[in-house]
Amino acid sequence: MTISETFRAQRSCTTCPYCGVGCGVSATVKNRGAGDLVTVAGDETHPANFGRLCVKGSALADTLGERGRLLRPRLHGQECDWESAMDFMAREFRRTIKEHGPNSVAFYLSGQLLSEDYFVANKLMKGFIGSGNVDTNSRLCMSSAVAAYKRAFGTDAVPCCYEDLELADLVVLVGSNAAWTHPILFQRMQAAGTRLVVIDPRASATSTMADLHLAITPGSDAALFNGLLNYLIEQNKLDGEFIRQHTQNFAAAAAEAGNWSLTRTAASCGVTEAELIAFFQLFAATEKTVSFYSQGINQSSSGTDKNNAIINCHLASGRIGKPGCGPFSITGQPNAMGGREVGGLANMLAAHMDFTTENVDRLSRFWRSNSVALRPGLKAVDLFRAVESGQIKAIWIMATNPAVSMPDAARVEQALKKCPLVVVSDCVADTDTARCADLLLPATTWGEKNGTVTNSERRISRQRSFLPAPGEARHDWEIICDLATRLGYGEQFAYRHPVEIFREHAALSGFENRGSRAFDISALAHLSRREYDALQPLQWPVNRKNPHGSQRLFGDGKFYTQSGRARFVPIQPSAPLQRRSDQFPLYLNSGRLRDQWHSMTRSGRARRLLDHSEMPEIQLNPADAANYGIEDGQLVELRSARGRMRGRASLTNAQKAGELFAPIHWSETLAQDSRISALAEPVIDPHSGQPEFKQLPVQLRPLSANSYATLLCREALAGNMQRWLEQQHTDLLHWYRLPCEGGYRYELALHQPLDGRALGQQLLMESQPLHWQHLQSLRGMRWLAYGRRLELLIFTDDDWRSLPDRRALEEHLAQPLPPEPAQLLQNAPAGAQVVCSCMQVSRQQIDDAIQEGIDSVEGLGEQLGCGTNCGSCKPELASILQMSGWARDEQVA
Ligand SMILES: Nc1nc2c(c(=O)[nH]1)N[C@H]1C(S)=C(S)[C@@H](COP(=O)(O)OP(=O)(O)OC[C@H]3O[C@@H](n4cnc5c(=O)[nH]c(N)nc54)[C@H](O)[C@@H]3O)O[C@H]1N2
Ligand SMILES: Nc1nc2c(c(=O)[nH]1)N[C@H]1C(S)=C(S)[C@@H](COP(=O)(O)OP(=O)(O)OC[C@H]3O[C@@H](n4cnc5c(=O)[nH]c(N)nc54)[C@H](O)[C@@H]3O)O[C@H]1N2
Ligand code: SF4
Ligand SMILES: [Mo]
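Since we're looking at a predicted model, the values are computed, not measured.

## With respect to the side chain of N230
Next up, step 1: Within the element layout of this structure, N230 appears in helix 9 (residues 221-234).
Next up, step 2: The class of N230 is buried, set by a relative accessible area of 7%.
Next up, step 3: The residues touching N230, leaving out its near neighbours within four places in the chain, are A257, G258, W260 and S261.

Below you can see the structure in the form of structure tokens.
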């Protein structure tokens with residue numbers, strides 16, 4: 001395809017590459033060529049978002065551009081051409097398979113691949129190499145939801161659609177911070193005025209907007225929903241007809257739930273009986289109820305049971321398959337659902353087929369292969385254990401960063417470093433996982449890629465390319481097909497365009513299906529290229545019976561179990577496997593920030609997305625802080641039996657005493673010792689293999705940093721920083737970095753005051769003649785080094801609060817001439833936290849406006865503009881108003 005063909009239309013409709021809401025994005029490219037100017041807006045015709053975008057979606061254009069991108073293959077650290085890279089890879093895979101068999105190789109994939117990429121990767125490994133060793137980061141994300149749907153419905157199928165969230169009179173959010181993690185869905189619920197109950201041990205942006213918040217004991221959700229089932233039985237709030245006609249095993253589940261009286265449930269969940277009754281009554285009385293659940297229950301060693309405990313309540317009350325009802329597992333990644341469809345999980349083959357003899361035979365005939373894998377492969381945690389033990393000798397990691405996101409991350413990193421062949425495909429050059437690669441392959445990414453994704457409500461949408469591939473980057477599906485061809489399967493992987501893969505995927509879903517598999521998009525198996533390009537978002541199944549897709553499933557009361565009935569699963573609640581002890585007395589909970597995406601390789605490129613929170617912070621209750629002698633903002637360290645993590649303490653009543661919270665986003669590439677998953681024990685759910693991430697037993701201690709430095713420079717410091725670190729490691733307690741216009745800003749915390757000039761010289765290695773200027777402020781020092789432009793700026797101080805407004809300092813790097821020294825001494829102290837990233841409104845401005853008498857979110861919007869663009873900060877604005885309301889009431893009292 002020529003560039004002019006691709007870009008004939010300047011405006012393209014595509015899909016957001018972040019969360020599982022799957023919003024439609026309209027991207028416009030102006031000034032094509034060197035100075036591409038891309039703007040994005042919500043696609044008003046897309047049924048997920050009808051034109052709205054959250055703060056991450058709104059900032060997508062800021063994440064584009066070649067800075068930091070991987071542009072050419074790298075073999076053992078040296079750039080090389082594609083021919084040598086692929087030759088090497090094919091030779092090593094062939095040799096490994098020949099010497100050690102197909103199970104000595106593996107692919108580790110991602111819910112951020114497109115379905116077409118995912119399909120061919122799975123086809124190559126399970127269909128032709130003949131190993132089941134394909135797993136995906138979705139194992140860490142929703143594999144327990146998948147396992148529970150299969151236990152209950154006999155198939156992995158989400159019954160609900162987004163409209164149900166608006167039609168519902170009650171949405172119960174369990175272990176979900178949707179206000180930050182699925183913002184557009186949360187806004188839809190808010191706009192519809194749906195009543196909300198939030199089940200979450202901590203107070204979050206979501207819980208502050210709820211009608212009722214149950215701050216339960218971490219990990220106690222199964223007890224809560226057993227208690228609810230028991231209540232529904234006792235109060236005779238069952239749908240007896242539905243139970244009799246369409247379900248099985250009710251008696252067993254009811255017997256188990258019968259052990260969960262109000263008193264026992266309340267004690268187990270750490271809430272009062274009155275709170276429980278309030279929730280149970282609301283649930284019992286509200287016919288149209290959706291349960292909306294996510295990582296707070298999935299990332300658990302008994303996550304599958306927790307999912308089933310919720311599903312049991314919906315089956316018992318017949319609230320499934322009807323408008324405004326249902327157990328809704330919400331997916332995290334943009335194409336987590338697509339991965340489930342193509343067989344991205346090691347225990348599935350493809351198109352919702354498992355490893356029965358019949359299915360293996362079916363797939364062998366469809367693909368005309370006699371080497372289809374006969375058995376499931378290794379699931380993520382076991383897969384990386386097998387890498388460590390040497391059983392797996394070659395692994396290809398695509399579109400995921402396991403050295404950051406896997407439990408016991410440092411050990412995963414070590415295992416990869418030991419592994420004879422690690423291939424990593426990424427769009428970004430420097431990630432923790434890329435640092436472990438023997439071969440690094442440059443992949444295209446959002447804006448460049450072309451294919452389909454499926455969102456949380458089973459809706460398939462197109463991602464369309466509107467930018468050319470930078471450097472020599474290639475599409476993931478092309479790289480996979482290239483390897484397949486070199487391994488001798490050229491005929492079966494001779495695709496020229498993603499539509500050809502999509503047609504095969506659709507045809508397979510209908511192949512000998514005859515109503516036996518829920519995933520069926522056979523009506524799309526003959527799309528022409530033009531039809532594929534024009535494909536409008538639609539929800540599977542899309543087949544002869546439902547040619548325009550299907551909003552809801554199971555409306556007819558027919559399920560995919562052998563009996564056709566849904567199954568109740570009796571649940572015995574289990575405590576987290578990772579227990580608190582005298583040595584590790586606190587529970588560390590983890591999750592997402594409003595403005596960042598996972599390991600920040602994408603969202604971290606948009607400077608304004610760092611304004612909301614720029615550093616790793618550990619949230620704790622003031623009582624714990626007092627107990628450990630920790631001040632707000634102080635550097636602290638967490639330790640578990642596995643590893644350590646450092647960050648700034650942030651004191652908040654949102655956390656209960658004994659429970660901490662930290663974000664998942666920082667990696668070793670961006671900060672020192674800030675990888676939260678390095679603390680996690682790799683314990684898993686027995687049904688799904690999903691790791692327990694939300695309850696990590698840790699110990700906490702303050703660190704005594706006596707000196708702080710802010711450093712602005714043009715290039716990332718990786719290598720030099722490392723060298724300097726090695727020399728002075730005892731003094732450097734922590735660093736993190738962020739990108740800014742024209743360079744990078746580093747923030748250092750040290751044990752002893754720092755010789756800034758020596759550091760600067762070490763970092764710059766005086767590669768060019770530089771002028772040095774040294775200024776002494778009241779408490780700290782300022783150094784600047786410049787040649788024709790400013791090269792380096794270092795500020796030190798013994799109190800980090802006295803360092804100047806670093807955001808303002810960044811502007812010096814963007815300017816052509818070094819700043820006037822006097823200017824540097826005048827800098828005002830650090831500015832307040834930015835609450836509204838779109839309109840750049842700070843906490844201070846909001847507090848001032850409230851002081852002046854503004855008392856509503858709308859009022860703040862009118863005065864300051866905050867919340868008027870994407871609306872992602874509205875829950876925070878509401879909570880600030882609420883808190884100041886309390887403050888006012890107290891004054892009055
Ligand atoms: N901004 C942003 N949005 C994202 C992402 C992102 O990186 N950034 N990632 C996407 C992905 S892949 C995913 S999987 C989703 C995740 O979406 P969510 O699951 O909503 O996000 P988390 O922040 O991981 O955790 C949700 C909540 O679970 C709570 N929790 C912890 N322990 C328990 C417990 O024992 N019981 C209950 N009931 N709750 C508990 C936590 O306190 C937290 O508030 O977000 C998606 N959306
Ligand atoms: N402690 C703790 N750990 C967790 C979680 C938690 O809540 N707590 N959550 C877990 C969950 S739910 C998830 S989903 C994982 C997420 O964890 P990861 O999947 O490891 O995180 P990402 O940063 O999204 O990694 C995606 C990588 O793919 C690259 N990439 C982006 N687009 C493309 C593309 O088109 N092609 C290719 N080849 N590469 C691309 C990005 O640059 C990035 O390096 O983390 C898990 N780990
Ligand atoms: S809610 Fe935000 S991050 Fe999620 S798909 Fe929509 S715009 Fe993207
Ligand atoms: Mo996820």
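## Comments concerning the packing of aromatic side chains
Next up, step 1: As enumerated under the stated definition, the model contains 25 aromatic pairs in all.
Next up, step 2: One aromatic cluster is present, formed by Y149, F153, F554, F559 and Y560 through successive ring pairs.
Next up, step 3: If you follow R67 out to its NZ or CZ, it ends over the ring of Y744, 4.7 Å from the centre.
Next up, step 4: Here the guanidinium or amino end of R264 rests over the ring plane of W260, the centre of that ring lying 3.7 Å away.

## As for the site of ligand 3
Next up, step 1: Contacts to ligand 3 come from C16, Y18, C19, V21, G22, C23, L53, C54, K56, G57, P183 and I184.
Next up, step 2: At the level of secondary structure, the elements contributing two or more residues to the shell around ligand 3 comprise helix 2 (55-58) and helix 8 (183-192).
Next up, step 3: Classifying every residue of the shell around ligand 3 gives nine nonpolar, two polar and one charged.

## Structural notes on the packing of helix 29 (residues 843-851) against helix 30 (residues 857-864)
Next up, step 1: Direction vectors running N to C along helix 29 and helix 30 enclose 110 degrees, while the axes themselves pass 11 Å from each other. Looking at the two axes, helix 29 sits roughly perpendicular to helix 30. In this structure, helix 29 crosses over helix 30, and the sense of that crossing is right-handed. Counting all contacts with helix 29, which are made through Q845, I846, A849 and I850, the residues of helix 30 involved are L860, Q863 and L864.

## Section: the pairing of strand 17 (residues 451-454)
The side chains of a regular strand alternate between both faces of the sheet.
Next up, step 1: Neither face of strand 17 is exposed, since G451 and V453 on one face and T452 and T454 on the opposite face are all buried.
Next up, step 2: Linking strand 17 back to strand 18 (residues 459-463) in an antiparallel pair, the connection comprises four residues, with R458 at a positive phi of about 65 degrees.

## As for helix 4 (residues 115-129)
Next up, step 1: With 15 residues, helix 4 ought to run about 21 Å at 1.5 Å a step, and its terminal C-alpha atoms sit 20 Å apart, in line with that.
Next up, step 2: Helix geometry: helix 4 is bent most strongly at K123, by close to 25 degrees.
Next up, step 3: Where burial is concerned, most of helix 4 is hidden: 15 out of the 15 residues are buried.
Next up, step 4: Immediately beyond the C-terminal end of helix 4, within one or two residues, lies G130, with a positive phi of roughly 90 degrees.

## Topic: the sheet that holds strand 5 (residues 78-79)
Next up, step 1: Pairing within the open sheet is mixed, and its seven strands lie in the order 5-4-16-15-14-6-7. The open sheet has two free edges, formed respectively by strand 5 and strand 7 (134-136), since each of these has just one partner strand.
Next up, step 2: The pairing of strand 4 (residues 74-75) with strand 5 spans two bridges and is classified as antiparallel. When the sheet's bridge partners are listed, R74 is paired in strand 5 with E79.

## Considering the nonpolar core
Next up, step 1: F93, F107, F225, F279, W396, L441 and W540 are the most contacted members of the largest nonpolar core, which has 168 residues in total.
Next up, step 2: In contact with F279, not counting residues within four places along its chain, are V172, V197, I199, L212, L214, L224, F225 and L228.
Next up, step 3: Core analysis: the next-biggest nonpolar cluster, separate from the first, contains 45 residues, I397, L416, C436 and A680 among them.

## Notes on the site of ligand 1
Next up, step 1: In the vicinity of ligand 1 lie 33 residues, with D200, G219, D221, S294 and Q596 positioned nearest.
Next up, step 2: Contact distances for ligand 1 include 2.6 Å between an oxygen atom and a side-chain N or O atom of S294.
Next up, step 3: The side chain of Q695 places a nitrogen or oxygen atom 3.1 Å from an oxygen atom of ligand 1.
Next up, step 4: The set of elements that each furnish at least two residues to the shell around ligand 1 consists of helix 7 (178-181), helix 14 (295-298) and strand 21 (586-591).
Next up, step 5: Its residues placed into classes, the shell around ligand 1 shows nine nonpolar, 17 polar and seven charged.

## Quick word on the domain arrangement of the protein chain
How large an interface is tends to be reported as the accessible area lost when its parts come together.
Next up, step 1: Looking at the protein chain, the domain boundaries give domain 1 (3-63), domain 2 (74-140 + 335-456 + 468-497), domain 3 (143-329), domain 4 (586-702), domain 5 (707-825) and domain 6 (834-892).
Next up, step 2: With 24 residues of domain 2 in contact, the opposing surface of domain 4 contributes 24 residues.
Next up, step 3: Of the roughly 1,900 Å² buried between domain 2 and domain 4 on both sides combined, carbon and sulfur atoms contribute 48%.
Next up, step 4: By the criterion of area lost to domain 4, the three top residues of domain 2 are V404, P407 and D408, representing 25% of everything that side buries.
Next up, step 5: Remark: the boundary between domain 2 and domain 4 carries three salt bridges.
Next up, step 6: Among the elements of the structure, helix 18 (380-389), helix 19 (402-405) and helix 20 (409-418) are those that each provide at least two residues to the side of domain 2 that touches domain 4.
Next up, step 7: Among the elements that take part in the side of domain 2 that touches domain 4, helix 20 stands out by supplying four residues, more than any other.

About the cut-offs
- Residues numbered from 1 in each chain as written.
- Chains lettered and ligands numbered in written order.
- Predicted model: local features only at pLDDT ≥ 70, side-chain atom pairs only at ≥ 80, totals over all residues.
- Heavy atoms only, no water.
- Helix = DSSP H or I, 4+ residues; strand = E, 2+ residues; numbered from the N terminus.
- Buried < 20%, exposed > 50% of the residue type's maximum accessible area, 1.4 Å probe, protein only.
- Contact = heavy atoms within 4.5 Å.
- Phe/Tyr/Trp six-rings, centres within 6.5 Å; stacked < 30°, edge-to-face > 60°.
- Lys NZ or Arg CZ within 6 Å of the ring centre and 35° of its normal.
- Near = heavy atom within 4 Å.
- Nonpolar A, V, L, I, M, F, W, Y, C, P; charged D, E, K, R; others polar.
- Axes fitted to C-alpha atoms, helices over the stretch in contact; angles between N-to-C directions.
- Parallel < 35°, antiparallel > 145°, perpendicular 65-115°, else oblique.
- Left-handed = near helix turned anticlockwise from the far one by under 90°.
- Pairing = 2+ DSSP bridges.
- Expected span 1.5 Å × (residues − 1).
- Bend = angle between axes of the 7 residues up to and from the residue.
- Core = buried A, V, L, I, M, F, W, Y, C linked by side-chain atoms within 4.5 Å.
- Polar contact = N/O pair within 3.5 Å; in protein donor to acceptor, adjacent residues only side chain to side chain.
- Domains from an automatic or database assignment.
- Buried area = accessible area lost by both parts, 1.4 Å probe.
- Salt bridge = Lys/Arg side-chain N within 4 Å of Asp/Glu carboxyl O.

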